[in-house]
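# Fold and geometry: a report
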Amino acid sequence: MLPPAKLAVYGFQHVLAFYAGAVIVPILLAGAIGLNERELIHLINADLFTCGIASIIQSVGFWKVGVRLPLLQGVTFTAVSPMIAIGMAAGGGTDGLLVIYGSVIVAGLFTLLIAPVFGKLIRFFPPVVTGSVITIIGLALLPVAAADAVGGADNPHPEDWHNLAFALGTLALIVVIQRVFRGFMATVAVLIGLVAGTLVAWATGFATFSAVGESAWFGVTTPFFFGIPKFGLAAIVSMIVVMLITAVETTGDVFATGEIVDKRVGKSDIARALRADGLATTIGGIFNSFPYTCFAENVGLVRLTRVKSRYVVATAGAIMIVIGLVPKTGAIVAGIPHPVLGGAALAMFATVAVVGFQTLSRVDFHDHRNVVIVASSVGLAMFVTAQPDVAKALPEWAQVVFGSGITLGSITAIVLNIVFHHIGRGRGPAVAGSPGEGTVRLEQVNGMSREEFVATFGRLFQGETAVVGHAYDRRPFADTDALRTAFQEALFAAPRDEQRALMAEYPDLGGLDIGEDSERDQSAAGLTRLADEDQQEFEALAATYRERFGIPLIVCVRDAHNRDHILRDGALRLTNSPAQEHAAALIEIAKVANHRFADLVADANPIHTARTSWTKSAR
C-alpha cells in the first residue's frame, strides 16, 4: 500500500494508458448498430463505471473472486464484431442492445461457473487456436476502423480528402510518438493521437461538442437502462465463445503479471481471475456495459514502471468510477470525429493482428494439420467479413454465428483443433507416431527389439545411432519422462569417440542440404531462409569453428532468440577451450534431442502433451 499521493498519480497513469482502448468499444458498437449520441454518451459512462468496479474486484478481490494482482479490467476487443452481428441480427438500435446484454449476462455466468475447471479445458486452446483467433480479431476489425476513417459506416465519404487527412494524420502521429519516445509516452501514443486529432478537427470546424453543454455534471447508470435484456440461443453461444477466448487471454496475462511481481501463479489463481472476469461481465450486462478481460496494455505498464502494488490498480478503478459518474466526460469522448477514431483504430486493431502473428510463430507449421486449422479458420472469417450478407442465406438462428467473422473463425479453429489433435487417442500415453497414422505406446516401446527401437527413435539424434542403442539398454521405462531421461543419460555416458562421431553428423548452421529434422530445427530462427549476406556470415563462422575444434558449431536453434544472437554467441564460443566446447556441444545436442522428443510425443498424444504443459506452467 503506497502513500495516497503516489496511489493517485500512478493510478491516473494507468487510467491514461487504458482510456483509449476502453472507450473505443462502445463508440464502434454504437456507430455500427445505429445508436444516437445520447445513447452513446450513456454507454461510455456505463463502460467506465463498470470498468472501475471490475478492476477493483480483480485487484483487491474477495472470497475466491479476484486474483489480487495489479490487473486492470477493460472491455475486450474480441467481443466487438460478435456484438455488432448480434445487434444487427436483432434489428439494430436499442433492440439490438437488449439481445447483446442478454447474451453478455449468460456468458458472464457461464465463465463464473467454469472458472474452477478451466485448467482442464485450456488444452483445447493451444497457440494454433489462440493465434488464429487473435489474428482473426485484428483482421476482422480493420474494416470497422476503415469505415470510421472515411466518415463512419452510416455516412461514408471516401472521396472527402478531409476524412483521409484526419485519419492518416492521427495514424502518423501515433507512429511518430512510438518511434521518438520510449516508456510511458509510447504507452499513451493512441490517446495522444486521439486528443491531438480531435483538437485539430475542432479548430478547423470538423468537430462539435454541443452535447457537452447539454450533458449533466453528475449521472448514475442504472440497471437495465435500455430495457429488460432479451435472450437468444445463437447470441448466447456466440458470446460464450468470446468468453472462452478471453479466458485464454486472461490466463496469459495472469502468468505474465505473476512473473513481473514475483508471485507464483497456480490453478487457484487462474480460477479466481476468471471468476472476476465472469462476475464483471455479468455486472456489465446488468449495468449496460460489455464483456471484460485483463488489459494487456496495463500489464506492460506494470513492467515498465516497476510499480507492483495492486492498490494502484484499485485506485485507477476508483478514478474510473468517478469519471463514469460524469456524463460530460462521456459527451467529450462521443464528440471524437469518425476519421480521427478510424485512424487510431487502424493502429490498434492492426496491432492486435500482429500479436496473433507472434502467437502463430510458436506453431509448428511443418505439421500440415496446423496449416489446415489456421487456413480454414482465417479463410472462413475473412469470407464472412468481406461478404457479411452471406448470413442471410441461413436460418435466423445461424445468422449470428455466420454474421461475425470472429465468431465463425473462432469456432472453426476450436473444432478443427479437436478433430485433428484430440480425437482418436488410444489407451495410455503414446510416445511416437501420430493419430490416424498409427501410434506407438509405452508398453510397445518396452517390448521392442533393439532394431525397432533404433528405427523409432533414431531421429532424435543426427545420423549416428549408437546413443539410441545405449538408451535401449535402460529398459523398461516407467513413463515418458523415464524414456526421455534414458536418452539424456545415454548421451552423456557414451564413450568419447562415440560422442565425437555423433557431433560430426550435425550439419552446419544455415547449411543448404541439412535433412528434414535439422531443417525443422533451424527454421525456428529463420536459418533456412537466409539472405546471401547472412549466409556468408554463418558459413564463415562455421568454417572458423570447425577449424578450431574439429566439429561443427552445434546450437539448439529453437532456444535461441534470433539469428544475431546465434552469431554473437557463436563468436564468443570461439574463445573457449576444446574441452569446454566438447561439453557445450553435448548440452546443445541434448537440447535438440529434447525438442525432437517433445515433437514425437506431441504428434502421438497431443492431449497428454497439453496436460503436461499446463501442469508445468501452473507450478
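Remember, it's a predicted structure, so these values are computed and weren't measured experimentally.

## Description of the pattern of salt bridges
- This model, assessed by the stated rule, comprises six salt bridges.
- For D508, the salt bridge identified is with R546, shortest N-O distance 2.8 Å. In this pair, D508 sits in the loop between α24 (496-504) and α25 (516-522) while R546 sits in helix α26 (residues 532-549), placing the two residues 38 residues apart along the sequence.
- Residue classification places R546 among the partly exposed residues on the basis of a relative accessible area of 34%.
- Between E581 and R573 there is a salt bridge, with the nearest N and O atoms lying 2.8 Å from each other. The same class applies to E581 and to R573, which are both buried.

## Things to note about the packing of helix α3 (residues 80-89) against helix α11 (residues 233-260)
- Where α3 contacts α11, the two axes come as close as 10 Å, and the packing angle between them is 175 degrees. What the angle tells us is that α3 and α11 run roughly antiparallel. In this structure, α3 uses P82, M83 and I86 to contact α11, whose residues at the interface are A235, S238, M239 and V242.
- Partitioning the contact of α3 with α11 into residue classes produces six nonpolar, one polar and no charged.

## Notes on the nonpolar core
- Of all hydrophobic cores here, the largest spans 121 residues; its most connected members are F77, L97, F118 and F125.
- It is α11 that provides the largest number of residues to this core, a total of 14 residues.
- Ranked by size, the runner-up nonpolar core spans 45 residues in total, among them F457, V467, A494 and L527.

## Points about empty space enclosed by the protein
- What the rule picks out here adds up to three cavities of 30 Å³ or more.
- Of the voids in this model, the largest cavity is the one considered here, and its volume is about 140 Å³.
- Lining the largest cavity are 14 residues, with Y506, D521, Q522, V555 and V592 positioned closest to its centre.
- Breaking the lining of the largest cavity down by element, the ones donating at least two residues are α25 and α28 (578-604).
- Considering each element in turn, the lining of the largest cavity owes the most residues, three residues, to α25.
- Split into classes, the residues belonging to the lining of the largest cavity amount to nine nonpolar, two polar and three charged.
- Considered as a void within the structure, the second largest cavity measures approximately 60 Å³ in volume.
- Together, L460, F461, R484, F487, Q488, L491, A590, A593, N594 and F597 line the second largest cavity.
- Put simply, the parts of the chain that give the lining of the second largest cavity at least two residues each are α23 (480-493) and α28.
- Looking at the lining of the second largest cavity residue by residue, the classes come out as seven nonpolar, two polar and one charged.

Parameters at a glance
Residues numbered from 1 in each chain as written. Predicted model: local features only at pLDDT ≥ 70, side-chain atom pairs only at ≥ 80, totals over all residues. Heavy atoms only, no water. Salt bridge = Lys/Arg side-chain N within 4 Å of Asp/Glu carboxyl O. Helix = DSSP H or I, 4+ residues; strand = E, 2+ residues; numbered from the N terminus. Buried < 20%, exposed > 50% of the residue type's maximum accessible area, 1.4 Å probe, protein only. Axes fitted to C-alpha atoms, helices over the stretch in contact; angles between N-to-C directions. Parallel < 35°, antiparallel > 145°, perpendicular 65-115°, else oblique. Contact = heavy atoms within 4.5 Å. Nonpolar A, V, L, I, M, F, W, Y, C, P; charged D, E, K, R; others polar. Core = buried A, V, L, I, M, F, W, Y, C linked by side-chain atoms within 4.5 Å. 1 Å grid on protein atoms, 1.4 Å probe; cavity = no way out; pocket = protein on both sides within 12 Å on 5 of 7 lines; lining within 4 Å. Points joined across faces, edges and corners; volume = space filled by probe spheres on them.

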